[in-house]
Structure formats: structure tokens, C-alpha cells
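# An overview of the molecular structure
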Amino acid sequence: MKTFILNLFFFFSITIYSQEFVGEYSYKSEPVNAGPIIYNLKLNEDFRYEINIHRRINRELGPDEYFKGVGTWKQVNNKIIFYPELCGEKNEIDMTSVTARFDIKKKDELLFYSKRKMSWGLNVGMKKG
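Residues numbered from 1 in each chain as written. Predicted model: local features only at pLDDT ≥ 70, side-chain atom pairs only at ≥ 80, totals over all residues. Heavy atoms only, no water.

### Notes on the confidence of the model for the chain
Put simply, the rule is: Each residue carries a pLDDT value, the predictor's own confidence for that position, ranging from 0 to 100. Here a helix means four or more residues in a row that DSSP labels H or I, a strand means two or more in a row labelled E, and each is numbered from the N terminus. The contact criterion used is simple: two residues touch if any of their non-hydrogen atoms lie within 4.5 Å.
Chain-level statistics for the chain give a pLDDT mean of 80 and a share of 76% at 70 or above. The least confident element of the chain, judged by mean pLDDT, is helix α1 (residues 2-19) at 45; the most confident is strand β5 (residues 79-84) at 94. Across residues 4-18, confidence stays below pLDDT 50; counting only partners more than four residues off in sequence or on other chains, it has seven contacts.

### Structural notes on the packing of aromatic side chains
The criterion, for reference: Any two rings among Phe, Tyr and Trp, with Trp reduced to its six-membered ring, count as a pair given centres within 6.5 Å; such a pair is stacked if its planes are under 30 degrees apart, edge-to-face if over 60, and tilted if neither.
By the definition in use, this model includes seven aromatic pairs. Every member of this aromatic cluster is reached through a ring pair, and the members are F21, Y25, F47, W73 and F102.

### As for unusual backbone geometry
With glycine set apart, most residues show a phi of negative sign, and most peptide bonds adopt trans. With phi around 65 degrees, F47 is a residue other than glycine that occupies positive phi space. Of note, S97 is a non-glycine position whose phi angle comes to about 70 degrees, a positive value. Structurally, S97 is set in the loop between β5 and β6 (98-102).

### Focus: the side chain of D103
Here D103 lies in the loop between β6 and β7 (109-114). Discounting residues that sit within four places of it in the chain, D103 has contacts with E109 and L111.

### Focus: the pattern of salt bridges
Applied cut-off: Throughout this description, the term salt bridge denotes a Lys or Arg side-chain nitrogen within 4 Å of a carboxyl oxygen of Asp or Glu. Any residue under 20% of the maximum accessible area for its type is buried, any over 50% is exposed, and the rest in between are partly exposed; the area is computed with a 1.4 Å probe on protein chains only.
For the structure on display, the rule yields five salt bridges. A salt bridge links E85 to R48; its shortest N-O distance comes to 2.6 Å. With a gap of 37 residues between them, E85 in the loop between β5 and β6 and R48 in strand β3 (residues 48-55) connect regions that are remote in the sequence. Note on E85: relative accessible area 38%, which makes it partly exposed. Its relative accessible area of 29% is what places R48 among the partly exposed residues. Note that E65 is salt-bridged to R55, the shortest N-O span being 2.4 Å. Remark: R55 occurs in strand β3 and E65 occurs in strand β4 (residues 65-76); sequence separation between them is ten residues. With a relative accessible area of 25%, E65 lands in the partly exposed category.

This is the structure we're talking about:
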């Protein structure tokens, strides 16, 4: 019985702590001489995620670009680890080896880290809300 209660407490404490990560995050970048880049990330309560990047290119350079990634996420200590579900599409975002954590100073901003170069350029902080 003690083991059951301890496991139940552990499960609820992880679930409650993970709830602070759940939500929608976004960032808009406006590079000089180019159109804006809009980043959106949604972390669901069922530990699934969806990330979208929309790059608006100047009309004379070509059509807008859309990138998308889906998968699951897991909270370990104060970090989020992403596990992508890759299907080999051209504009797929590969979140393999990517982790995120809240900025120490800006508590509502996620910062992303990767052991490899992120070709889709998510080296920005995304704000919750």
C-alpha cells in the first residue's frame, strides 16, 4: 500500500510539474531584406507536440515556405526533450537531439538547444501565450 501511494504521489508530481510547460509558444523574426519568419510550438497535455515555421519570402523571390514537425515530448528535470515522428517529407522539422528549457530571467520564454546544427534556425526564445 505504501508503494502504491508513493507511486501515485510521484505520478501526480511529475504531471503537475509538466503542466507548466503545456501551452502555445511563438516568436516572430523580421530579418533585414527578407520577409518575417513566424515560429509556433504547441505542447499538449498528452505529451504530444507540433511545431510550425512559416517563412514569408518577398514575392519576387518565390512563394512562402512552410515547415512542420510533430512528435512527443518528455520533461526531465527542468528540460523538455523532443522525440520527433519523422516521415521523410521535404519540409519536415527534425527535432532529434533538441532540448528546451525556460530562460532563467524570462520565465515565460523557452530556449532551444541542440547537439547538432538546426537547419531550420530555431536558435531563438519562444514566448508562451
